[in-house]
Amino acid sequence: EDQVTQSPEALRLQEGESSSLNCSYTVSGLRGLFWYRQDPGKGPEFLFTLYSAGEEKEKERLKATLTKKESFLHITAPKPEDSATYLCAGGSGYALNFGKGTSLLVTP
Amino acid sequence: DGGITQSPKYLFRKEGQNVTLSCEQNLNHDAMYWYRQDPGQGLRLIYYSQIVNDFQKGDIAEGYSVSREKKESFPLTVTSAQKNPTAFYLCASSGPSGTSGGELFFGEGSRLTVL
């Protein structure tokens, strides 16, 4: 059964304190690993797609990496506006399997 | 601007009533999806449609129904058969099949509460 597991469930950081979020997956024939950001009461916003092990993508303070079994979302020198829930998803076809998310709080 | 519009944003329903959630997109996307989100849970797929007049059940389709009569529209009906309908409902769309169903574009969601 395809599965996507995210850790930690919640993370609290001081502004400027870098860290990483983990997404491990068991998806047969993975055709893409996706990261989304979700603010409270809003729909998820697309961040990155990773297709093959070793691939990396960056956007401002975020960098996503992919290995054969997991993906990391690295947050460098976070700011309070980076506070959100970060969702990871993987799929082998049209349907995506989502993890439960990591709730990130960045305090000033 | 292109995007996905869901309505209503908040909806209250009495037990035993059917309700329909609207989802409209002007992104010219072929595929559309409905997900359900509960606190502490990941998004779970209810139904998806790859093309007009065709749709497939997701993991939790029981108690829900959909239609896809137009490319732009994919309404979801929550029927009285759905045992626990209180949740946050998200509609999404995706572009050409080359995205493999990924790069979903989401609406702002509809929060349904059963009284």
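Now for a quick tour of the structure. (Residues numbered from 1 in each chain as written. Chains lettered and ligands numbered in written order. Predicted model: local features only at pLDDT ≥ 70, side-chain atom pairs only at ≥ 80, totals over all residues. Heavy atoms only, no water.)

Turning to the sheet that holds strand β3 (residues 19-25) of chain B, a few remarks are in order. Residues and elements named next belong to chain B. An order of β1-β3-β8-β7 is seen for the 4 strands of this open sheet, with the pairing classed as antiparallel. Each edge of the open sheet carries a strand with a single partner, namely β1 (4-7) and β7 (64-66). Averaged over all neighbouring strand pairs, the angle between strand axes comes to 20°, with direction disregarded. Across 4 bridges, β1 lies against β3 in antiparallel orientation. (Pairing = 2+ DSSP bridges. Helix = DSSP H or I, 4+ residues; strand = E, 2+ residues; numbered from the N terminus. Axes fitted to C-alpha atoms, helices over the stretch in contact; angles between N-to-C directions.)

With that settled, the discussion passes to the sheet that holds strand β3 (residues 19-26) of chain A. Residues and elements named next belong to chain A. Read from one edge to the other, the open sheet built from 5 strands follows the order β1-β3-β8-β7-β6, with strand pairing classed as antiparallel. Of all the strands in the sheet, the pair left with one neighbour each is β1 (3-7) and β6 (56-59). The average angle at which neighbouring strand axes cross in this sheet is 15°, direction not considered. Judged from the 5 bridges that link them, β1 and β3 form a sheet pairing that is antiparallel. Looking at the pairing, T5 lines up with S24 of β3.

This next bit is on the environment of A81 of chain B. Assignment of secondary structure puts A81 of chain B in the loop between β8 (76-78) and β9 (87-94). Taking the C-alpha atoms as reference points, A81 of chain B and E62 of chain B, separated by 19 residues in sequence, lie 7.7 Å from one another.

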